[in-house]
Amino acid sequence: MIQNHKFSSTIILALIFLTPIFFIPGALLSLNMSKAVLFVLGAVLALLAYMFELWRQGRVMLPKHPLVWATALLPVVYFLSAILATPSSLSLFGYGFEAGTFGFVLIGSVLLLLASIVFTDTSRTLRAIAAFFLSVTILALFSAVKILIGGDALSMGNFFGVMGNPLGTWTDLGVAFGLLSVFSILALGMLPMKGAIRVLVYSVFALSLALMVVINFQTAFIFTLIASIALFFYFRKIESVTDDQHPAKNRTQIILPVILGLVSLLFIINPMVGEETRLGSVVSGAFGVNNTEVRPSFSATLGVSKAVLSQAGLLGSGPNTFGQDWLVYRPAEINATPFWSASFPFGAGFIPTQIATTGILGSALWLVFFAFLAVLMVKALSSVPELRGERFTLVFTLVGTLFLWAASFMYAPSASMLILAFIFTGIFLANLVQAGIVSAYDIDLRRNSQTRLAAILAVLMLVVGSLSIGWTGAEKAISAYHFNLALTLSNVEGTPLSDVEASLIDAINTSPTDVYFVALSRLNFTRAQMAANSATGTPEENREIFDQSLARSIEAARLAVSTNPAGFENWVALGNIYTAMVPAPLSVEGAYENAAFAYNEAIKRNPNNPELPLLMAQLEIANEDIDRARTYIRNSIALKQDYADAYQMLAQLEIQAGNTAAAISSAENLAVLVPENPGIHFELGLLKYSARNFEESLDDLNQALVLSPDYANAKYYKGFVLAQLGDMEGAISEFESLLVSNPGNTEVEAALTELRAGRVPVPPSPEDNTQAGTQ
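Procedures and definitions
Residues numbered from 1 in each chain as written. Predicted model: local features only at pLDDT ≥ 70, side-chain atom pairs only at ≥ 80, totals over all residues. Heavy atoms only, no water. Helix = DSSP H or I, 4+ residues; strand = E, 2+ residues; numbered from the N terminus. Buried < 20%, exposed > 50% of the residue type's maximum accessible area, 1.4 Å probe, protein only. Contact = heavy atoms within 4.5 Å. Areas by Shrake-Rupley, 256 points an atom, 1.4 Å probe, with all protein chains shown as cover. Lys, Arg positive; Asp, Glu negative; His and termini not counted. Charge placed at Lys NZ, Arg CZ, Asp CG, Glu CD. Phe/Tyr/Trp six-rings, centres within 6.5 Å; stacked < 30°, edge-to-face > 60°. Salt bridge = Lys/Arg side-chain N within 4 Å of Asp/Glu carboxyl O. Expected span 1.5 Å × (residues − 1). Core = buried A, V, L, I, M, F, W, Y, C linked by side-chain atoms within 4.5 Å. Pairing = 2+ DSSP bridges. Polar contact = N/O pair within 3.5 Å; in protein donor to acceptor, adjacent residues only side chain to side chain. pLDDT = per-residue confidence, 0-100. Patch = residues over 30% accessible without salt bridge, like charges linked within 9 Å, V, L, I, M, F, W, Y side chains within 5 Å. Axes fitted to C-alpha atoms, helices over the stretch in contact; angles between N-to-C directions. Parallel < 35°, antiparallel > 145°, perpendicular 65-115°, else oblique. Left-handed = near helix turned anticlockwise from the far one by under 90°. Nonpolar A, V, L, I, M, F, W, Y, C, P; charged D, E, K, R; others polar.

### Observations concerning the overall build of the chain
So, step 1. Helix and strand counts for the chain come out as 31 helices and four strands.
So, step 2. Dimensions of the chain along its principal axes, counting C-alpha atoms only, are 110 × 65 × 50 Å.
So, step 3. Taking all 775 residues of the chain together, 53% fall into the buried category.
So, step 4. Here the analysis covers contacts within the chain between residues at least 6 apart in sequence; of these, 70% occur between residues at least 24 apart.
So, step 5. About 33,700 Å² of surface is accessible on the chain, with carbon and sulfur atoms providing 62% of the total.
So, step 6. Here the chain contributes 42 positively and 57 negatively charged side chains, and the mean placements of these two sets differ by 20 Å.

### With respect to the packing of aromatic side chains
Aromatic ring pairs are reported here in terms of the distance separating the ring centres and the angle at which the planes meet.
So, step 1. Applying the stated criterion across every chain, the model contains 41 aromatic pairs.
So, step 2. With a centroid separation of 5.6 Å and 20° between ring planes, the pair formed by Trp366 and Phe370 is classed as stacked. With Trp366 and Phe370 both in helix 14 (residues 350-382) and four residues apart, this pair spans about one turn of that helix. Considered together, Trp366 and Phe370 belong to a single accessibility category, that of buried residues.
So, step 3. Cluster of aromatic residues (ring-pair linked, three or more members): Phe346, Phe350, Trp366, Phe369, Phe370, Trp405, Phe409 and Phe422.

### Quick word on the pattern of salt bridges
Side chains that differ in sign of charge can pair as their charged atoms come close.
So, step 1. Considering all chains together, one arrives at 17 salt bridges under this definition.
So, step 2. A salt bridge links Glu668 to Lys688; the nearest nitrogen and oxygen atoms lie 3.2 Å apart. With Glu668 in helix 26 (residues 660-673) and Lys688 in helix 27 (residues 678-690), this residue pair connects regions lying 20 residues apart in the sequence.
So, step 3. One connected set of salt bridges, linked through shared partners, spans Glu668, Lys688, Glu696 and Asp700.

### With respect to unusual backbone geometry
So, step 1. Here the amide bond leading from Thr86 into Pro87 is cis, since omega sits at -5°, within 30 degrees of zero.
So, step 2. Along the chain, the position of Pro87 falls in the loop between helix 3 (66-83) and helix 4 (88-92).
So, step 3. With omega at 10°, the peptide bond leading from Ala584 into Pro585 counts as cis.
So, step 4. One non-glycine residue with positive phi stands out, namely Phe97, at about 55°.

### Notes on helix 7 (residues 170-190)
So, step 1. In this model helix 7 runs 30 Å from its N-terminal to its C-terminal C-alpha over 21 residues, within 8% of the 30 Å that 1.5 Å per residue would give.
So, step 2. Buried residues dominate helix 7, accounting for 21 of its 21 residues.

### A short note on the nonpolar core
So, step 1. Ranked by internal contacts, the top residues of the largest apolar core, which has 156 residues, are Leu186, Trp366 and Phe369.
So, step 2. Counting residues per element, this core draws most heavily on helix 16 (residues 415-434), at 15 residues.
So, step 3. The residues contacting Leu186, other than those within four sequence positions of it, are Leu191, Leu231, Phe235, Phe392, Val395, Phe396 and Val399.
So, step 4. Residues Trp326, Leu327, Phe568 and Ala671 belong to the second largest nonpolar core, which totals 58 residues.

### Considerations on the pairing of strand 1 (residues 59-63)
So, step 1. Counting buried positions over the five residues of strand 1 gives four, a clear majority of the element.
So, step 2. As paired elements, strand 1 and strand 4 (residues 440-444) share five bridges and run antiparallel to each other. What sits directly across from Leu62, in strand 4, is Tyr441.

### Looking at the environment of Val37
So, step 1. By secondary structure assignment, the location of Val37 is in helix 2 (residues 31-57).
So, step 2. What makes Val37 partly exposed here is its relative accessible area of 25%.
So, step 3. Spatially, the C-alpha atom of Val37 lies 8.9 Å from that of Lys476, the residues being 439 residues apart in sequence.
So, step 4. Excluding anything up to four places from it in sequence, Val37 contacts Leu29 and Ala477.

### Observations regarding the side chain of Arg330
So, step 1. Inspection of the secondary structure assignment puts Arg330 in the loop between helix 13 (322-329) and helix 14.
So, step 2. Buried Arg330, no salt bridge; nearest opposite-charge side chain is Glu611, N-O distance 8.3 Å.
So, step 3. Here Asn608 takes part through its backbone oxygen, which lies 3.0 Å from a polar atom of the side chain of Arg330.
So, step 4. With residues up to four places along the chain from it excluded, the contact list for Arg330 reads Val304, Asp325, Asn335, Trp340, Ser341, Asn606, Asn608 and Asn609.

### Some details on the confidence of the model for the chain
So, step 1. Of the residues in the chain, 96% have a pLDDT of 70 or more, and the chain-wide mean is 91.
So, step 2. The low-confidence segment residues 767-775 (pLDDT under 50) makes 29 contacts with residues lying over four places distant or belonging to another chain.

### Some thoughts on the environment of Arg605
So, step 1. Along the chain, Arg605 turns up in helix 22 (residues 591-605).
So, step 2. The sequence separation of Arg605 and Met156 amounts to 449 residues, and the corresponding C-alpha distance is 37 Å.
So, step 3. Once residues within four sequence positions are removed from consideration, Arg605 is found in contact with Leu327, Val328, Pro565, Ala566, Phe568 and Trp571.
So, step 4. Within the structure, Arg605 has its side chain in polar contact with the backbone oxygen of Glu601 (distance 2.8 Å).

### Topic: helix 2
So, step 1. For helix 2, with 27 residues, the first-to-last C-alpha span of 38 Å sits near the 39 Å given by 1.5 Å per residue.
So, step 2. The positive-phi residue at the C-terminal boundary of helix 2 is Gly58, with phi of around 70°.

### Let's talk about a nonpolar patch on the surface
So, step 1. Where nonpolar side chains cluster on the molecular surface, the patch consists of Leu73, Val76, Phe79, Leu80, Ile83 and Leu84 and spans about 530 Å² of accessible area.
So, step 2. Locating Val76 in the fold gives a position in helix 3.

### Things to note about the packing of helix 1 (residues 6-18) against helix 5 (residues 102-118)
So, step 1. Following both chains from N to C, one finds helix 1 and helix 5 inclined at 125°, their axes separated by 10 Å at the closest point. One element, helix 1, and the other, helix 5, form an angle in the oblique class. For the pair helix 1 and helix 5, the sense of crossing is left-handed. Contact residues: helix 1 offers Ser8, Ser9, Ile12 and Leu15, while helix 5 offers Leu111, Leu114, Ala115 and Val118.
So, step 2. Among the residues forming the contact of helix 1 with helix 5, the class breakdown is six nonpolar, two polar and no charged.

Given below as structure tokens:
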């Protein structure tokens, strides 16, 4: 029995079409928030439409399979894990229904169940397939134009660079175009088409394959290789049964999988072209595409998960908290890489990440979900329908479901890709019901008074629940709009701080988050600094503004900490404010203790971050405890041996303490770490000049001039060094050339007078290194 679900199916069709290409201009909302608006609105409208249809028809047809119950239990487990997480708000709905939150999994599960109910009709499934095919084709054309034009063309405030797109990351593009190429083969091999349509689908196949090659995502090539092999044998199997009278079509069925498979294999092998460059890099580079995928390895992800499960085994750390887990439990060797400060929101893949965030219970439920899904796929392949339309839709949705969920194991797809995975799974299940492979419950909601009462209560609960989710989504979208407006205003020169503050307060009043509170704290701290340095207004007025702004800054930072105590950045923001209140002339009582407490809380949440000991060192310097500051700097270096900031601070500390030898040692380490910085070589040259090591001082000053030939201060002190080495002519030449760029400079003229008289000039104190101009 096919029910009339015209409204709900149309909404889901629209969602399928819009998911890959929908966006709101970046001036209004970020791409992620745009997608959240789409998914929340789509799911709520589809559910409300289905409730309306259910109320009119009085019957519900629900697939009779354990996969349905596993899907229904997913948001339950995520909710239980979320309410036990710190903070629960980050796990429940995040900043905007991010992938992995309870809200996102709830939306995905609802869409899966709705699709499994309303798409039990081949014509509806064909329309869903057409919507997806058309949408991804539009995305392919958009991407091709961006790649050919280059730069930030068609950015629209969201899509920067040649790989910017409305679907997600460049890895999502690779998988989507791989799926599009496979779908093109399926359509060409299984459906009758007119000549013009067939040419169009061939063109889509060629375009999607070409874009895959340009994007060069290895995981996508692995998927297409496996798919091409499967399609090759599948078409060979049905060739003798279905279309023997169409030899041209049969050749298409065989040739296209071979082409896709060979191209995929070639770029998986990725042979060397020349001595140091591989084929994939050559092709991508020719179009200005330089894609780099950075994510934790599987071993690192499992290592973090193991540590989390030892503390919270049953339900994990909470949905959407892997970034926090990573900072606490990441491998120490990460500090030796350029990504030592990154907070990865996902591990090696979306599904592997759920081990840490939802614990044993969540992981077991996902395992059950995929086990049931795998069994259904095996049944589908062993019972392919005879009718061409049903056979095509079943194979198509099976491939799409497998492709998208496999991607979630191999990397972290965008929210758009995961929503499509949920929807395609539901449509696949509906097609199994249509084909008779899975039976269905046929529930009459008007059977008796008890059933009617239960149905009324269930419908009311679902309507209230869907409206609540919609309201939450609307609040987060409006709040994000106000915050985005505040960011835009802050980048417009001359905008009063009050205007920016008003937008931030609107964002906080609508849907408060720690990010908004930190921004408000920084704004008020900036206002306090401006009042302290103001040359206008009376001292009393400026003092009042300063005190009020500083108090508001502290209050906002404390609210950020209370909103998300697990975020180390919030503790750092609070500590920074108190640190500024430690030295004279403020010398606020208790500021040192509060700053130290805040920084120590941050260290607990990010123990391997070398920046945090440096912040403690700055606090000790403000508190005039140089020995403790030096200890913290060394702790920072112990965490990251090549941390340039730590060596720079240590060198400055040693200079101030008069420890020239120690300062030189730190500066030499810094010069090795940052060899392209002329200022570091200049400072090192000055230190060695002070230590009367003139030959090495000359080497460092020369290196500064190699890196920056017009570095006036380096030329100035080079003249003095040459004089000390007895090269009077070289010193005179250096000062004369310097006088050309600094005419009338009295210090340079005085040095030349001394040199021409045969005397070695004495420079001003090396601590004042701006005599001859500035760099």
